[in-house]
Amino acid sequence: MKQFITFVKKEFFHVLRDRRTLLILFGMPLAQILIFGFALTNEIKNARIIVIDQAKDEASRRITNRLAASNYFEIQEDVMDQNRMEAAFKEGNIKLAIVFPAQFRNDLIHQNHAQIQVIADASDPNTATTLTSYVSSIIQDYQTELNEGNGLPYRITPEVHMLYNPQLKGAPNFVPGVMALVLMLVSVMMTAISIVREKETGTMEVLLVSPFKPMWVILAKAVPYLLLSLVNVLSILSMSVWVLQLPVAGSWLLLFAESTLFIITCLTLGIFISIKAQSQQVAMLISLMGMLLPTMMFSGFMFPIENMPMPLQVFSNIVPAKWFYIIVKSIMIKGVGLEGIWKETLVLCGITLFFFLISLKSFKIRLE
Amino acid sequence: MVTTTNITKTYQKGTVKAVDNVSFSVEKGELFGLIGPDGAGKSSIFRMLTTLLLPDSGSATVAGHDIVTDYQRIRSKVGYMPGRFSLYPDLSIEENLHFFATVFNTTVKENYHLIEDIYVQIAPFGKRRAGKLSGGMKQKLALCCALIHKPTVLFLDEPTTGVDPVSRREFWEMLKRLRQQGITILVSTPYMDEASLCDRIALIQNGSILSIDSPQGIADAYPSSLYAVQANDLPRLIHVLPTYHPHMHSYLFGEYIHLDTRGMGGHDLPEELTRFLAAEGFGDIEVKPIAPTIEDCFINMLIRHDT
């Protein structure tokens, strides 16, 4: 046991004394959260729009005020005709135009039904969809208010129903994604590299020719990365709560337990790579190509898995990050307990056990 | 203490023969040297004896244990210092030493007497990272780490390669002191001049042993007489000398050319050769009989091996 503790202590020295390792360990999660949180968000703020109000009645003004009050839109000009609108679209000056027909309020009151034309620049379809859904939800808000205490509903607008993320916030999706990515990187790549480094420098030779059991060498190398990864989980979660204002809906304890499980999955993967790779470069390449890329592509974080061809959908099932992504999303956003994610948890356990066993089997007590 | 019987080791599925049918034995408390150029198979032999590699055929025992079946017992009894620097460059001298002491289930305090002579030389730099040490200091630290658990057999794979001559001499002094403490030492080196510092040596080339004996025994067994030749124009002398006799072997050795007289008949060489060289226009001619060094013996064996 004393051997083991000394070994773990030595591992911490390695990590804490190497600036690059430290940077990857603690700088990367920070940078990723900030980049995804503020720069790469698909949430749109201060989009320039115009409102063409041909009605100029109470109802159209109330809706315009609401649009102006939200920080999604920046209303450029109140009065504009159709021709100038088209020109503005072509020049890319505006993203969206809202046209109130004349007699807007009259139609609404007398026919219980009125239309608003929402024209979006669909050359960027994502932005267009997002903006139109912002608009429709603002219109709907107004309508709900109008219908209060009124027996006869005025108008049924197409219902936009965004479960869990009504404002289509970006953070709920990417925080679990970044967590999976960072843990994958830290636990798989760093573990693999640190073990292979001992092979390269020849210290593994000395360690093998010692009474310390080889399997313990490997485990001792994994422990510091488990602890450091947990620190990462904590820092990502605290940033998401305090910087991005995304609270954890479910149990923190469960979230940490599941994260620990995923970290262990990654560590077994890292150990497996380190057994197979002979140089640090190879270990890094395998980790990046074999682990990081599938994590990005097949976890559902960047691209929805449902839209993929069947073979890829099947393939995504063996990517551990996919299951972790589902688990974290369920706990963080939906507030689900273990009863809702036990299946995913079992799959992760299975993958971990599988890699642990083949690592154990292919582990070499000698040099070749 | 160490015996090997016909061990053979091949790499790349048998196409490269690294160790070919090697047998030798080392007694307790002996300082045994494996002498040979790079690629002769020294490291492969050491790795098999330290249980890091499995031999293709043959058997070997270290401290009475079989290297294949009893590898775990061997691992707790031997000390091993691989050829390349193999400590943690980002740990300090003290941290490295404590780490290896603990891994080997002991403490620095317990066996300090073993390493004291060596450690006092590097102790003033105890807080310095091992990666920032000079070659000689690195080797001393590596030796301390290999010794700290009081091994019964010590394997040193090319410990003096890349170390300055002064540190090399110091290193060998240390080995002699360790031998006095009853530790069996196997050391490999490509430097022939270090061979005479061993109790017994094995000359090794292309994976097979050319000869095993004490350094004196190997020198005594030199089959013919050897001369050292020098003249004022050494570069030209190298080319002219072989024209003196067709069977003659000559090679540059420091500032002399060594001359092996095998197959040349028993005539009075120094005077005849001096006359021959004077006729060729050399001045300051010196021809003297010398006692063969280990390197001469090695070269002689290679020549015999080739012809």
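Here the structure is a predicted model, which means the values were calculated and not measured. (Residues numbered from 1 in each chain as written. Chains lettered and ligands numbered in written order. Predicted model: local features only at pLDDT ≥ 70, side-chain atom pairs only at ≥ 80, totals over all residues.)

### Details of the sheet that holds strand β2 (residues 73–75) of chain A
Residue and element names in this part refer to chain A.
Argument step 1. Strand order in the open sheet made by the 4 strands is β2-β1-β3-β4, with mixed pairing throughout. Taken across any chain shown, the strands that pair with only one partner, and hence form the sheet edges, are β2 and β4 (117–120). In this sheet, adjacent strand axes meet at a mean angle of 25° when their direction is disregarded.
Argument step 2. Bridging between strand β1 (residues 47–53) and β2 involves 3 bridges; their strand directions are parallel. The partner of R48 across the bridge, within β2, is E74. (Pairing = 2+ DSSP bridges. Helix = DSSP H or I, 4+ residues; strand = E, 2+ residues; numbered from the N terminus. Axes fitted to C-alpha atoms, helices over the stretch in contact; angles between N-to-C directions.)

### Some thoughts on the UniProt feature "transmembrane region" (unreviewed entry) in chain A
Argument step 1. As annotated by UniProt and renumbered to match this structure, "transmembrane region" (unreviewed entry) occupies residues 21–40, 174–196, 216–244, 250–275, 282–305 and 341–360 of chain A.
Argument step 2. Secondary structure across residues 341–360 of chain A comprises 100% helix and 0% strand; the distance between its end C-alpha atoms is 29 Å. (UniProt positions renumbered as here; feature names shortened; annotations may be inferred.)

### Here's the deal with the interface of chain A and chain B
Argument step 1. With 22 residues of chain A at the interface, the matching set in chain B holds 23 residues.
Argument step 2. At the level of secondary structure, the elements contributing two or more residues to the side of chain A that touches chain B comprise α1 (2–17) and α8 (203–208) of chain A.
Argument step 3. The element best represented in the side of chain A that touches chain B is α1 of chain A, accounting for 7 residues.
Argument step 4. Of the residues in the side of chain A that touches chain B, the class split is 8 nonpolar, 7 polar and 7 charged. (Contact = placed C-beta atoms within 7 Å. Nonpolar A, V, L, I, M, F, W, Y, C, P; charged D, E, K, R; others polar.)

### Regarding the packing of helix α9 (residues 214–242) of chain A against helix α10 (residues 252–276) of chain A
All names here are of chain A.
Argument step 1. For the pair α9 and α10, interaxial distance at closest approach is 10 Å and the crossing angle is 140°. If you check the angle between α9 and α10, you find them oblique. Here α9 and α10 pass one another in a crossing that is right-handed. In this structure, α9 contributes I218, A222, Y225, L226, S229, L230 and V233 to the contact, and α10 contributes F256, S259, T260, I263, L267 and I271.
Argument step 2. In terms of residue class, the contact of α9 with α10 is built from 10 nonpolar, 3 polar and no charged. (Parallel < 35°, antiparallel > 145°, perpendicular 65-115°, else oblique. Left-handed = near helix turned anticlockwise from the far one by under 90°.)

### Remarks on the nonpolar core
Argument step 1. By size, the foremost hydrophobic cluster in this structure holds 82 residues, and its most contacted members are C144, F155 and I185 of chain B.
Argument step 2. Excluding residues within four positions of it along the chain, F155 of chain B makes contact with F46, L49, T50, V78, G79, Y80, M81 and L186 of chain B.
Argument step 3. The next biggest cluster of nonpolar side chains, apart from the first, holds 59 residues, and it includes M189, A277, M332 and L348 of chain A. (Core = buried A, V, L, I, M, F, W, Y, C linked by C-beta atoms within 7 Å. Buried ≥ 20, exposed ≤ 12 C-beta atoms within 10 Å, placed from the backbone.)

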